[in-house]
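# Notes for the structure review
Here's the letter readout for the chains.
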Amino acid sequence: MIEPERRAPRADAARNRDQLLAVATRVFVSADGEPSMRAIAREAGVGIATLYRHFPTRESLVDAVYRDQVERLTTGARELLGRLAPAAAMRRWMDLFGDWIATKNGMLDTLLAMIESGEIAHAQTRTELLAAITTILDAGRAAGDLRADVTAEDVAAALIGIFTVAPRPGHEAKAGRLLNLLMDGLRPAPPG
């Protein structure tokens, strides 16, 4: 059987999908519980059919948002290093990590069910995120502005702790203060 050729989506369809993804991310961050698909479509200014055409199930939308956020974190590490010193890149990446954690707010039940069922490979995500942190740590070690004895696992554990006690939204100032304290601990001690 010959597979039908997959065509690239039309430009307007790709824009609609990107807009739905951005709106869903924003809605998930601000939601107290899991928002309805209808609420996401309404917030995006499209009909429910348009949302379902791009994301036929809640799981497909959650998966797309989750993967988009992980991609932002992994590519973000390299992009930040391309324009900032490693310590500054690490601090900015920590904010991106906080955004990723906050996005889970309105999709947690669905996300946990998908991880439990194996639809989302949590171990793969962990590996990708640790690699992103390692990329920044390695650059910081080479530049001399991040400690050599800190591991990616150390940073990830500290970040999870910070965003557990200062979840976003609502605790941005406290989270920022704690992230700055963490950064102070990541810098090497001055000589002597």
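Predicted model only: the values in this text are computed from it and were never measured.

## Here we look at helix H4 (residues 58-83)
Its 26 residues place the ends of H4 37 Å apart at the C-alpha level, agreeing with the 38 Å of an ideal helix rising 1.5 Å per residue. The largest bend in H4 comes to about 35 degrees, at Gly76.

## Regarding the nonpolar core
Formed by 53 residues in total, the largest nonpolar core has its most connected members in Leu61, Met90, Trp93, Leu159 and Leu186. At the level of elements, helix H1 (11-30), helix H2 (37-44), H4, helix H5 (86-103), helix H6 (108-117), helix H7 (122-143), helix H8 (152-165) and helix H9 (172-186) are the ones that each hand at least two residues to this core. Examining the composition of this core, we find that nine residues originate from one element, H4, more than from any other. Not counting residues up to four positions away in its chain, the partners in contact with Trp93 are Leu73, Gly76, Ala77, Leu80, Leu129, Ala132, Ile133, Ile136 and Leu159.

## Some remarks on the confidence of the model for the chain
Across the chain, pLDDT averages 88, with 94% of residues at or above 70. Of all helices and strands in the chain, the one with the weakest mean pLDDT is H6 (84), whereas H9 scores best (94).

## Remarks on the pattern of salt bridges
Per the counting criterion, the structure on display carries nine salt bridges. Salt-bridge contacts for Asp68 lead to Arg72; the nearest nitrogen and oxygen are separated by 2.9 Å. Separated by four residues within a single helix, Asp68 and Arg72 lie in helix H4, roughly one turn from each other. Where salt bridges share partners, they join Arg91, Arg92 and Asp95 into one cluster.

## A few points about the packing of aromatic side chains
Scanning all chains against the criterion turns up four aromatic pairs. Taking the centre distance of 6.0 Å and the plane angle of 45 degrees together, the rings of Tyr66 and Trp100 count as tilted. With Tyr66 in helix H4 and Trp100 in helix H5, this pair connects stretches of sequence that are 34 residues apart. With respect to class, Tyr66 is no different from Trp100; both count as buried. Taking 5.4 Å as the distance between ring centres and 55 degrees as the angle between the ring planes, the aromatic pair formed by Phe97 and Trp100 counts as tilted.

## Topic: the packing of H4 against H7
Taken N-terminus to C-terminus, the directions of H4 and H7 make an angle of 15 degrees; their axes are 9 Å apart at the nearest point. Regarding the angle of H4 to H7, the classification is roughly parallel. Remark: the crossing between H4 and H7 carries left-handed chirality. For the pair H4 and H7, the contacting residues are Tyr66, Val70, Leu73, Thr74, Ala77 and Leu81 in the first and His122, Thr125, Glu128, Leu129, Ala132, Thr135, Ile136 and Ala139 in the second. Along the lines of polarity and charge, the residues of the contact of H4 with H7 split into nine nonpolar, four polar and one charged.

## Describing the layout of surface pockets
Estimates place the volume of the largest pocket at around 520 Å³. Along the wall of the largest pocket there are 22 residues; nearest its centre are Phe97, Trp100, Ile101, Lys104 and Ile160. When residues of the lining of the largest pocket are traced back to their parent elements, those giving at least two are H5, H7 and H8. Tallied by class, the residues present in the lining of the largest pocket amount to 14 nonpolar, four polar and four charged.

Parameters and conventions
- Residues numbered from 1 in each chain as written.
- Predicted model: local features only at pLDDT ≥ 70, side-chain atom pairs only at ≥ 80, totals over all residues.
- Heavy atoms only, no water.
- Helix = DSSP H or I, 4+ residues; strand = E, 2+ residues; numbered from the N terminus.
- Expected span 1.5 Å × (residues − 1).
- Bend = angle between axes of the 7 residues up to and from the residue.
- Core = buried A, V, L, I, M, F, W, Y, C linked by side-chain atoms within 4.5 Å.
- Buried < 20%, exposed > 50% of the residue type's maximum accessible area, 1.4 Å probe, protein only.
- Contact = heavy atoms within 4.5 Å.
- pLDDT = per-residue confidence, 0-100.
- Salt bridge = Lys/Arg side-chain N within 4 Å of Asp/Glu carboxyl O.
- Phe/Tyr/Trp six-rings, centres within 6.5 Å; stacked < 30°, edge-to-face > 60°.
- Axes fitted to C-alpha atoms, helices over the stretch in contact; angles between N-to-C directions.
- Parallel < 35°, antiparallel > 145°, perpendicular 65-115°, else oblique.
- Left-handed = near helix turned anticlockwise from the far one by under 90°.
- Nonpolar A, V, L, I, M, F, W, Y, C, P; charged D, E, K, R; others polar.
- 1 Å grid on protein atoms, 1.4 Å probe; cavity = no way out; pocket = protein on both sides within 12 Å on 5 of 7 lines; lining within 4 Å.
- Points joined across faces, edges and corners; volume = space filled by probe spheres on them.

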